[in-house]
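One-letter residues, chain by chain:
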Amino acid sequence: MKFTALPLVLATGLLAACSSTSAPQSASLSGEVFYLQRIALPPSAQVSVSLQDVSLADAPAVELAHQVLPSGKQVPIAFTLNYDPAQVKPGHSYAVSARIEIGGKLKFISTERHSVKLDGSDPQPLRIRVDAVR
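From a predicted model like this one, the values you see are computed outputs, not experimental measurements.

Summing up its helical and strand segments, the chain has one helix and nine strands in all. Counting every position in the chain, which comprises 134 residues, the buried fraction comes to 26%. About 8,900 Å² of surface is accessible on the chain, with carbon and sulfur atoms providing 58% of the total.

The following block contains the structure:
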């Protein structure tokens, strides 16, 4: 009868070992948003940055992380995007984009693709340039 508990004890130990060596549940990208114009942002400006899966052509990008930065800051504006590495799929393409809205109207947006690999090799901090919208 003493041996019936042994498999249960071994299985519990094995599960505990597996859970402690699992992949990290959170990862992050940090960087800054900037523009070239020599103008100050009004205190109400809203800056947002997002990390997206841009693999599928002619389909909306899937957002992995999004951050809205506190108002009242001036460029360069620092950001940190926290994402779940379990959402990263091999062979997919990922990019970071940014935008600045003033009074609910888009004033600046990133116009170049800022690709990231999300494998730990991306140079940080990222520098995301936004251009004025006309």
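Continuing now.
Turning our attention to unusual backbone geometry. With an omega dihedral of -5°, the bond running from Val75 to Pro76 counts as a cis peptide bond. In this fold, Pro76 is placed in the loop between strand 3 (62-69) and strand 4 (77-83). Of note, the phi angle at Asp58 is positive, near 55°, even though the residue is not glycine. Mapped onto the fold, Asp58 is located in the loop between strand 2 (46-53) and strand 3.

A complete count under the given rule lists four salt bridges for this structure. For Glu32, the salt bridge goes to Arg127, with nearest N and O atoms at 2.2 Å. Residue Glu32 is located in strand 1 (residues 27-34), and its partner Arg127 is located in strand 8 (residues 126-129); the two are separated by 95 residues in the primary sequence. Salt-bridge contacts for Arg129 lead to Glu112; the nearest nitrogen and oxygen are separated by 3.6 Å. Here Glu112 lies in the loop between strand 6 (105-109) and strand 7 (114-116) and Arg129 lies in strand 8, a separation of 17 residues in the sequence. For Arg129, a relative accessible area of 27% puts it in the partly exposed group. A network of salt bridges, in which partner residues are shared, links Glu112, Arg129 and Asp131.

The subject of this paragraph is the sheet that holds strand 8. As summarised here, the arrangement of the three strands in space is 4-1-8, forming an open sheet in which the pairing is mixed. Where the open sheet ends on each side, the last strands, each with one partner, are strand 4 and strand 8. Neighbour-to-neighbour, the strand axes of this sheet turn through a mean angle of 35°, independent of strand direction.

Turning next to the packing of aromatic side chains. Throughout the structure, instances matching the rule amount to one aromatic pair. When the centroid spacing of 4.4 Å and the interplanar angle of 10° are considered together, the rings of Tyr35 and Phe108 count as stacked. One end of the pair, Tyr35, is in the loop between strand 1 and strand 2; the other, Phe108, is in strand 6, with 73 residues separating them in the sequence. Residue class for Tyr35 comes out buried when judged on its relative accessible area of 5%. Above the plane of the ring of Phe34 lies Arg127, whose end atom (NZ or CZ) is 4.1 Å from the centre.

Turning our attention to the pairing of strand 1. Each regular strand shows side chains that alternate between the opposite faces of the sheet. Sheet topology note: the strand 1/strand 4 ladder contains seven bridges and is antiparallel. Within strand 4, the position partnered with Gly31 by the bridge is Phe79. Both strand 1 and strand 8 contribute to a ladder of four bridges, which runs parallel. Opposite Phe34, over in strand 8, you have Arg129 as the bridge partner.

Summary statistics for the chain give a mean pLDDT of 86 and a share of 82% for residues scoring 70 or more. Segment residues 13-20: pLDDT under 50, and zero contacts once partners within four positions in sequence are set aside and those in other chains are kept.

Reading guide: rules and limits
Residues numbered from 1 in each chain as written. Predicted model: local features only at pLDDT ≥ 70, side-chain atom pairs only at ≥ 80, totals over all residues. Heavy atoms only, no water. Helix = DSSP H or I, 4+ residues; strand = E, 2+ residues; numbered from the N terminus. Buried < 20%, exposed > 50% of the residue type's maximum accessible area, 1.4 Å probe, protein only. Areas by Shrake-Rupley, 256 points an atom, 1.4 Å probe, with all protein chains shown as cover. Salt bridge = Lys/Arg side-chain N within 4 Å of Asp/Glu carboxyl O. Pairing = 2+ DSSP bridges. Axes fitted to C-alpha atoms, helices over the stretch in contact; angles between N-to-C directions. Phe/Tyr/Trp six-rings, centres within 6.5 Å; stacked < 30°, edge-to-face > 60°. Lys NZ or Arg CZ within 6 Å of the ring centre and 35° of its normal. pLDDT = per-residue confidence, 0-100. Contact = heavy atoms within 4.5 Å.

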